[in-house]
Each structure stands twice: as structure tokens, then as C-alpha cells.
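Here are the chains, one letter per residue:
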Amino acid sequence: MKILIGYKRVVDYNVRIQVKPDGSGVVTDGVKLSANPFDDIALEEALRLREKGVAEEVIVVGIGPADLTAHLRNGLAMGANRAIHVVTADAVQPLTAARVFLKLIEKEQPGLVILGKQAIDDDANQTGQMLAALWDRPQATFASKVEIADGKATVTREVDAGLEVIEAELPAVITTDLRLNEPRFIKLPDIMKAKSKPIDTIEFGSLGVEANDHLKTTHYAAPAKRSKGVMVKDAAELVAALKQKGLL
Amino acid sequence: MSKILVIAEHLGGKLNSSTARAVSAAVAVKGEAIDVLVLADSVDAIASEAAKIDGVSRVLTVARPENAHPLAAVLAPQIAKAAAGYSHVFVPSTTFGKDVAPRVAALLGVAQVSDVMSVEGPHTFKRPIYAGNAIITVEADPAHTVVATIRSASWSAAATGANNAPIETLAIDAALPTHTRFVELKQGASDRPDLQSASKVVSGGRGVGSKENFDIIFKFADKIGAAVGASRAAVDAGYVPSDLQVGQTGKIIAPELYMAIGISGAIQHLTGIKDAGTIVAINKDGEAPIFEVADFGLVGDLFKLIPELERAIG
Ligand SMILES: Cc1cc2nc3c(=O)[nH]c(=O)nc-3n(C[C@H](O)[C@H](O)[C@H](O)COP(=O)(O)OP(=O)(O)OC[C@H]3O[C@@H](n4cnc5c(N)ncnc54)[C@H](O)[C@@H]3O)c2cc1C
Ligand SMILES: Cc1cc2nc3c(=O)[nH]c(=O)nc-3n(C[C@H](O)[C@H](O)[C@H](O)COP(=O)(O)OP(=O)(O)OC[C@H]3O[C@@H](n4cnc5c(N)ncnc54)[C@H](O)[C@@H]3O)c2cc1C
């Protein structure tokens with residue numbers, strides 16, 4: 001079985017994002033970029049499935065600009081067999097990303113596609129679900145445990161009410177939650193090895209995917225700031241203050 | 001004119017308050033009709049609750065055994081069919097809505113607006129990105145159906161009681177897949193208030209130190225009638241179950257009172273509490289970033305301070 005992984009590059013989660021003063025976007029020049037943390041988790045899960053003998057090949061997919069190569073090399077260093085780089089200079093919205101994945105699925109015929117539940121830049125939380133709909137296959141979102149046996153995935157999902165367990169016949173789309181696993185660290189020799197692993201580049205335009213731009217972002221703003229409050233000296237003062245506000 | 005279809009979220013035969021919050025967002029669109037769609041195995045109790053929400057024009061029901069559990073692959077084709085004739089489909093931005101709404105959007109071939117915080121016009125919305133560090137204004141193409149998830153914490157629930165909207169059965173001819181099956185829901189049995197709708201929340205972090213120690217958080221929460229939440233670090237360490245996680249990747253909440261105890265205040269955590277009325281922080285480190293956003297800060301050891309708080313409350 002092949003596993004396809006969404007491997008998106010995003011602004012590192014430690015970066016404090018600043019909105020440009022003219023409201024035209026956020027400052028991304030010179031900020032640290034990393035793999036979307038949920039996508040590292042997706043890749044780790046696929047590698048474990050390969051190590052267990054459930055899968056033979058793990059392919060990381062990145063949709064983005066020409067300089068995405070170094071990022072994809074990280075995925076290869078972590079252990080993916082090969083990478084596919086769909087090259088586009090334009091920002092890709094989730095529906096378009098899903099349509100790209102569908103094209104790659106038609107070609108690669110994976111048994112499983114694992115994406116992050118959300119990318120931490122846009123926080124859209126859509127791509128996996130949209131892909132599953134277009135592919136007409138099961139989706140198991142927000143996964144914290146995955147078991148593959150007898151042609152199906154048994155997935156534990158982190159939902160608001162607790163933990164939900166569902167069964168999904170393969171092929172299927174899974175999206176990862178934080179507690180699915182702890183991704184491994186990349187070791188130096190792996191970085192060397194990754195240099196000889198293949199990266200297929202595909203021009204976005206050659207896929208015949210309709211770039212969907214039904215949504216236009218017209219303005220960026222900084223969120224309303226909470227102002228710093230007061231420090232109280234002890235428990236009694238805190239309780240008095242909360243009682244005065246009618247909160248206790 | 002806009003016609004809005006709101007998808008009801010429910011569990012165990014009861015309507016979730018996120019539905020009435022999504023109705024509030026629908027009201028803000030100022031359209032001509034707001035219909036609530038109830039998909040369940042047995043719809044009556046849920047539908048009559050939905051019919052009481054102010055602003056609702058009609059409640060539409062689809063009762064099918066396949067709808068006993070909220071499987072996105074099963075619900076989405078029905079919602080996509082029901083969406084015909086509507087300009088907007090609103091779904092609460094809970095794990096239910098986040099799971100099903102994008103699947104509906106893809107079936108309709110449209111983009112989705114995630115986490116709507118405010119409605120600026122029938123096709124103009126504000127939503128957060130980068131863990132709430134930027135707020136964008138997005139414009140949806142009026143030529144297409146708007147599928148949106150509604151950020152519960154930004155909307156108060158529409159009032160109930162005065163309305164008595166008609167309830168109608170909807171016949172939907174959609175082939176439903178069997179490739180996805182519900183197995184079980186493991187719910188932490190709790191008589192405590194629900195984290196997402198509670199007016200008071202007490203959260204513990206890594207500073208609480210262990211699962212056993214977390215009892216002190218639960219006890220204190222019970223004393224003031226609060227729901228219990230946690231940081232990701234506390235969940236990862238196994239102190240509490242995952243459904244208590246508050247933050248960017250957990251629950252986004254807006255209680256009147258939020259007490260963060262032994263939580264440092266990482267941006268991913270703060271994303272979840274930005275809309276809280278009053279934030280109280282208790283931390284032994286006076287430099288902890290949580291104090292930057294707290295309305296009331298108290299520096300000290302939580303194991304000493306919580307008993308003192310309990311005594312002071314009386
Ligand atoms: C340099 C740059 C600038 C951008 N600027 C903007 C902007 O100003 N405004 C804007 O709206 N968008 C912008 N985008 C696009 C945006 O960041 C997202 O790619 C897009 O909106 C998809 O949403 P999401 O990733 O949040 O989707 P989600 O549904 O949250 O993503 C879930 C998962 O889908 C997979 N996935 C999604 N996209 C990709 C991808 N490209 N490659 C590989 N896997 C993927 C991943 O596994 C990911 O974890 C920019 C992108 C880049 C690279
Ligand atoms: C992609 C991504 C998503 C994330 N999503 C979330 C999310 O949704 N929610 C979330 O919470 N986090 C999230 N995180 C994690 C976040 O970055 C922090 O690591 C986490 O919030 C830290 O939890 P904490 O404050 O409990 O622990 P710490 O940062 O370790 O803080 C513990 C605090 O307890 C204090 N303390 C210790 N002992 C005592 C005592 N006896 N009395 C009083 N105070 C004491 C310490 O001074 C310290 O400030 C995410 C991270 C990533 C990368």
C-alpha cells in the first residue's frame with residue numbers, strides 16, 4: 001500500500017505573527033518557516049505503518065512555490081520514500097488543494113491519504129474533508145489513534161464530546177490530531193541520504209485543476225488586544241474583586 | 001434575498017447550544033428566512049427545541065436510521081441536497097461542524113468560510129487566522145452558495161421561548177455510503193457544566209503536576225459551579241482527557257470567568273480564551289505570559305492558593 005501525505009510549509013508556530021500596517025497581509029518576509037506540525041504527525045504515522053509492514057511506500061506532497069524543495073527534503077530525511085512538488089506561486093485555497101490531491105490520487109492509487117487536521121497558518125481545517133468528498137471515500141478527521149487491518153482503518157477521533165471510534169474502509173482520508181504520535185527527530189545521516197531521494201515536480205497548470213477563488217481576502221487586521229489587568233496580593237483580594245464583579 | 005440553512009448539532013436527543021449560536025449569525029445576515037435542518041434517527045425532541053429558537057422560520061427534519069450518529073460521509077450528501085435554494089449553509093464550528101461542513105462545501109463545489117466571527121454583510125465575513133493573531137475580512141462570491149462554520153465563542157445563543165416555528169419533514173433522495181461506520185463514543189461521564197457553554201471555567205496546566213493533583217482543580221471548579229478545562233501540556237501528560245483541551249487546536253471558549261491555574265499562557269492556549277469576559281491567572285512565576293492578558297493576576301503556589309481561595313469564598 002502507498003500512503004500519500006500532505007506536507008505543507010507554514011510559518012513556524014513560535015513566530016508571533018504581525019499584521020502589515022496597511023492591512024494587506026501578514027509579515028512573512030524573513031520569518032522562520034517549518035512543516036505544519038500536524039503534517040509531521042501525519043508523516044510519522046505513515047512511517048510507523050511502513051515499519052509495521054502495513055505500507056510499502058510513503059510519499060510527501062507539497063503544493064507551493066519553487067523554493068519548497070528544501071522543505072520537502074526534510075520530509076524525505078524524516079523517512080518518506082519520495083516527494084511530489086506541485087509548483088505554484090499562487091496561494092492555494094483548500095478546495096484547490098483537495099482537487100490537486102485528487103489528481104495525484106488518480107495517478108498514485110494510494111490506500112491511505114493522511115493530512116493534518118488544520119494548517120496552523122490559515123487554520124482552515126477543510127482540505128482532508130473536501131478531498132474525501134471529491135474522492136467519494138471515507139474521512140476520519142482529528143485522529144488520535146489509527147489501526148489498519150482487514151482493509152479498513154479503525155480510527156479514534158478527538159471530538160468535543162470525548163473520543164469517537166469509527167471504521168473506514170480503505171482507501172480513505174485521515175486527518176491528524178496532536179496526540180496521534182510524537183514525530184521523530186531528523187538525524188544528520190538521514191539528511192545526507194535524503195539528497196538522493198526523488199522529488200517529482202509537477203506544474204500546477206499541467207494538472208488541469210480549476211483554481212477556485214470564490215473567497216477573496218480583502219483586509220487583514222490585528223486582533224483586538226486584551227489590556228493587562230491588575231495584580232492582586234492574595235486570595236482574599238482576588239475573591240473580593242470577583243465578588244464585586246458578580247462573578248462569584 | 002438571502003435564505004439561510006442552519007445545520008442543527010445534537011447529541012443524545014438534545015440540541016447543542018452551538019445551534020442557537022449559529023442561528024444568531026444567520027440573523028446577522030438579515031435574510032428573508034432561516035431554516036434549521038435536523039438530521040437524526042429520531043428527530044422530534046430535537047426539532048421541537050429548535051422550533052423555539054427566536055428567528056427560526058421553519059425546522060426541517062430528516063429521520064433516518066443512518067443518521068443515528070453524526071458521520072460526515074453520511075450527512076454531507078443529505079445536507080448538500082437540502083441546500084438547494086439556499087444562499088447560505090451555516091454549521092457550528094465545533095468538531096461536528098468542522099468535520100461535516102467542508103465535505104458539504106466540496107460536494108457543492110464551493111469554498112468554505114471557516115470560523116465566522118462576525119457578519120459584515122450577506123457575503124462579507126471576518127475570521128481568525130494564525131491562531132487568532134490576525135483577523136481577515138473575506139468576501140464570498142455571491143454567485144455561489146456560502147458554506148460557513150460559525151465560531152461559537154463569538155456569538156451568544158439566540159433566545160428561545162417566544163418562537164414556535166413550523167416543523168416539516170423533508171424527503172431527501174440521496175444515496176448514502178456504507179463505507180464509514182460508527183463504532184462507539186467514549187464520553188467522560190460528568191455532571192459538571194459543559195466546557196463549551198459554561199459561564200465559568202477553571203483550567204489547569206502542567207503546573208498542576210499530576211492526574212491525582214488535578215482533583216484540586218475539579219474540587220475548586222465544583223465549589224464555584226465551573227466547568228473544567230486544561231492546557232495541551234496537561235492533556236498530553238495524561239492528567240485529563242483530550243476533550244478538556246482549550247486553545248487553537250482544542251476548544252475555543254468564551255465564559256464570563258476563566259481561571260488559568262498553573263498555565264504559562266502560550267499563544268496557542270490564549271487563542272482559546274480571547275473572548276472570555278474576565279481572565280484570572282494563578283502562577284508561581286510572576287513573569288509568565290498569561291499575566292499579560294489576565295484581568296486579575298495572583299502570583300504564588302497553586303497548592304497553597306487554591307485552599308486559601310476556597311476559604312475566602314466561604
Ligand atoms: C507563501 C504563501 C503565502 C500565502 N498567503 C496566503 C494569503 O495571503 N491568504 C490566503 O488565504 N492564503 C494564503 N496562502 C495559502 C494558505 O496558506 C493555504 O495554503 C490554503 O488556504 C489552504 O488552507 P489550509 O492549509 O489552512 O487548509 P487546511 O484544510 O487547514 O489544511 C489541512 C491539511 O491539508 C494539507 N494541505 C493543505 N494545503 C497544502 C499544501 N499547499 N501543500 C501540502 N499539503 C497541504 C496539509 O496536510 C494540511 O495539514 C499562502 C500560502 C503560501 C505558501
Ligand atoms: C501546533 C500546536 C498546537 C497547540 N495547541 C494548543 C492548544 O490548543 N492548547 C494549549 O493549551 N496548548 C497548545 N499548544 C501547546 C502550547 O504551545 C504550550 O506548550 C502549552 O499550552 C503549555 O501548557 P502549560 O501552560 O500547561 O505548560 P507550561 O508552559 O509548562 O506552563 C506551566 C506553568 O505552570 C506554572 N507552575 C508550575 N508549578 C506551579 C505551582 N505549583 N503553582 C502555580 N504555578 C505553577 C509554571 O510557572 C508555568 O508557567 C500547541 C502547540 C503547537 C505546536
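As a reminder, the structure under discussion sits directly above these lines.
For every chain, the first residue of its written sequence is number 1, and the numbers climb from 1 along that sequence. Naming scheme: in the order in which they are written, chains are lettered from A and ligands are numbered from 1. In view of the model being predicted, local features appear only for residues whose pLDDT reaches at least 70, and side-chain atom pairs are presented and counted only at 80 or more, with totals across whole chains, interfaces and linings using the full set of residues. Only heavy atoms go into the side-chain values, all of them from the structure, while hydrogens and water stay out.

A. View of the packing of aromatic side chains. All names here are of chain B. A pair of Phe, Tyr and Trp rings is counted when the ring centres sit within 6.5 Å of each other, with Trp represented by its six-membered ring. The angle between the planes then sorts it: under 30 degrees is stacked, over 60 is edge-to-face, the rest tilted. Taken as a whole and judged by the stated rule, the model has three aromatic pairs over all chains. Between Phe90 and Phe125 the ring centres are 6.5 Å apart and the planes differ by 75 degrees, which places this aromatic pair in the edge-to-face class. Placement of Phe90 in strand E6 (residues 88-92) and of Phe125 in strand E9 (residues 124-129) is noted, with a sequence separation of 35 residues between them. The burial state of Phe90 is the same as that of Phe125; both residues are buried. Ring centres 6.3 Å apart and planes at 50 degrees place the aromatic pair Phe214 and Tyr239 in the tilted group. Of this pair, Phe214 sits in helix H5 (residues 214-224) while Tyr239 sits in the loop between helix H6 (232-236) and strand E16 (257-261), and the two are 25 residues apart along the sequence. Here a helix means four or more residues in a row that DSSP labels H or I, a strand means two or more in a row labelled E, and each is numbered from the N terminus. Burial classification: accessible surface area is computed with a 1.4 Å probe over protein chains only, and a residue below 20% of its type maximum counts as buried, one above 50% as exposed, and the rest as partly exposed.

B. Local environment of the site of ligand 2. The immediate surroundings of ligand 2 are formed by 29 residues, with Arg206, Ser231, Thr249, Ser264 and Asn283 of chain B found nearest. At the site occupied by ligand 2, nearby residues are drawn from chains A and B. Pairing of N or O atoms within 3.5 Å defines a polar contact, subject to two protein rules: one partner must be a possible hydrogen donor and the other a possible acceptor, and residues neighboring in sequence count only if both atoms are side-chain atoms. Residue Arg206 of chain B places a side-chain N or O atom 2.6 Å away from an oxygen atom belonging to ligand 2. One of the backbone N or O atoms of Arg232 of chain B is found 2.9 Å from an oxygen atom in ligand 2. The Shrake-Rupley method, run with a 1.4 Å probe, gives the accessible areas here. Residue values count only the displayed protein chains as cover. About the coverage of ligand 2: the protein hides 85% of its 990 Å² of free accessible area. For the shell around ligand 2, the elements supplying multiple residues, two or more each, are H6, helix H7 (267-270) and helix H8 (302-313) of chain B. Residues are grouped as follows: nonpolar covers Ala, Val, Leu, Ile, Met, Phe, Trp, Tyr, Cys and Pro; charged covers Asp, Glu, Lys and Arg; every other residue, Gly included, is treated as polar. Across the shell around ligand 2, the residue classes break down as ten nonpolar, 14 polar and five charged. Working definition: residue near molecule or strand if any one of its non-hydrogen atoms lies within 4 Å of it.

C. Expanded view of helix H4 (residues 95-108) of chain B. Any helix carries an expected span of 1.5 Å times its number of residues minus one. Between its first and last C-alpha, H4 of chain B extends 21 Å over 14 residues, near the 20 Å set by a 1.5 Å rise per residue. Most of H4 of chain B sits inside the fold, with twelve of its 14 residues counted as buried.

D. Just the site of ligand 1, in detail. Residues and elements named next belong to chain A. Around ligand 1 there are 26 residues in total, and Lys8, Asp39, Val92, Asp122 and Tyr220 lie nearest to it. Gly6 has a polar backbone atom sitting 3.3 Å from an oxygen atom of ligand 1. Contacts to ligand 1 include Asp39, whose side-chain N or O atom sits 2.5 Å from an oxygen atom. Its free accessible area being 930 Å², ligand 1 has 80% of it covered by the protein chains. Elements represented by at least two residues in the shell around ligand 1 include exactly strand E4 (57-64), helix H3 (94-108) and strand E6 (112-116). Looking at the shell around ligand 1, its residues break down into twelve nonpolar, nine polar and five charged.

E. Local environment of the sheet that holds E16 of chain B. Taken in spatial order, the six strands make up an open sheet running E13(A)-E18(B)-E17(B)-E16(B)-E14(B)-E15(B), and their pairing is parallel. Sheet topology places strand E13 (230-231) of chain A together with strand E15 (227-230) of chain B at the edges, where each strand pairs with a single neighbour. Contacting E16, strand E17 (278-283) and strand E18 (296-299) of chain B, helix H6 (residues 235-244) of chain A crosses the sheet at an angle of about 165 degrees to E18 of chain B. Strands qualify as paired when DSSP identifies two bridges or more between them. Whether two residues touch is decided by their heavy atoms; if any such pair falls within 4.5 Å, the residues are in contact. Geometry is summarised by axes, namely lines fitted to C-alpha atoms with helices restricted to the contacting stretch, and by angles between N-to-C directions that run from 0 to 180 degrees.

F. Local environment of the pairing of strand E7 (residues 112-116) of chain B. All names here are of chain B. Judged by how many residues are buried, E7 sits mostly within the fold: five of five residues are covered. Summarising the sheet, E7 and strand E11 (residues 146-150) pair through three bridges and their orientation is parallel. Directly across from Val116, in E11, lies its bridge partner Ile150.

G. Seen up close, the interface of chain B and chain A. Taken residue by residue, the interface counts 87 residues in chain B and 78 residues in chain A. The junction of chain B with chain A conceals about 7,000 Å² of combined surface from both sides, 56% of it contributed by carbon and sulfur atoms. Take a side-chain nitrogen of Lys or Arg and a carboxyl oxygen of Asp or Glu: if they are within 4 Å of each other, that pair is a salt bridge. Our count for the contact surface shared by chain B and chain A stands at five salt bridges. Across the salt bridge formed by Glu169 of chain A and Arg181 of chain B, the nearest N and O atoms sit 2.9 Å from each other. Across the chain B-chain A interface, the total number found is 38 residue pairs in polar contact (both at pLDDT 80 or more). With eight residues, H4 of chain B is the largest single contributor of residues to the side of chain B that touches chain A. Tallied by class, the residues present in the side of chain B that touches chain A amount to 43 nonpolar, 23 polar and 21 charged. In this description, buried area is defined as the sum, over both parts, of the accessible area (probe of 1.4 Å) that is lost when the two are combined.

H. Seen up close, the pattern of salt bridges. Overall, the coordinates contain 30 salt bridges over all chains when judged by the stated rule. Ionic pairing is found between Arg99 of chain A and Glu210 of chain A, a salt bridge with its closest N-O pair at 3.7 Å. With Arg99 of chain A in helix H3 and Glu210 of chain A in the loop between strand E11 (199-203) and strand E12 (215-221), this pair connects stretches of sequence that are 111 residues apart. A relative accessible area of 18% places Arg99 of chain A in the buried class. Two residues, Asp295 of chain B and Arg226 of chain A, come together in a salt bridge whose shortest N-O distance is 3.0 Å. Linking Asp295 of chain B in the loop between E17 and E18 with Arg226 of chain A in the loop between E12 and E13, this pair reaches from one chain into another. The network of salt bridges with common partners includes Lys2, Glu57, Arg82, Glu108 and Asp200 of chain A.

I. How the structure looks around unusual backbone geometry. Cis peptide bonds are those with omega within 30 degrees of zero, and the linkage from Leu170 of chain A to Pro171 of chain A qualifies with -5 degrees. Residues other than glycine seldom take positive phi values, yet Asp150 of chain A does so here, at roughly 50 degrees. Residue position: Asp150 of chain A is located in the loop between strand E7 (139-149) and strand E8 (152-159). Classification of Asp150 of chain A as exposed rests on a relative accessible area of 73%. Even without being glycine, Asp115 of chain B reaches a positive phi, approximately 60 degrees. Relative to the helices and strands, Asp115 of chain B is located in strand E7. We classify Asp115 of chain B as buried; its relative accessible area is 14%.

J. Representation of a nonpolar patch on the surface. Patch definition: residues with relative accessible area over 30% and no salt bridge; like charges joined within 9 Å; nonpolar side chains (Val, Leu, Ile, Met, Phe, Trp, Tyr) joined within 5 Å. Taken together, Ile186, Leu188 and Ile191 of chain A make up a surface patch of nonpolar side chains, about 260 Å² in accessible area. Looking at where Leu188 of chain A falls in the secondary structure, it is placed in helix H5 (residues 188-194).

K. Quick peek at the nonpolar core. Each nonpolar core is a collection of buried residues, namely Ala, Val, Leu, Ile, Met, Phe, Trp, Tyr and Cys, held together in the definition by side-chain atoms within 4.5 Å. If you look at the biggest cluster of nonpolar residues, it comprises 91 residues, and the most contacted ones within it are Ile5, Leu43 and Ile174 of chain A together with Leu37, Ile79 and Val100 of chain B. The contact partners of Leu43 of chain A, leaving out residues within four places of it in the chain, are Ile5, Tyr7, Val58, Val60, Gly75, Met78 and Ala80 of chain A. Ranked by size, the runner-up nonpolar core spans 47 residues in total, among them Ala25, Ala47, Ile53 and Val116 of chain B.

L. Structural view of the environment of Ala101 of chain B. Note that Ala101 of chain B resides in helix H4. If sequence neighbours within four positions are ignored, Ala101 of chain B has contacts with Val91, Gln112, Val147 and Thr149 of chain B.

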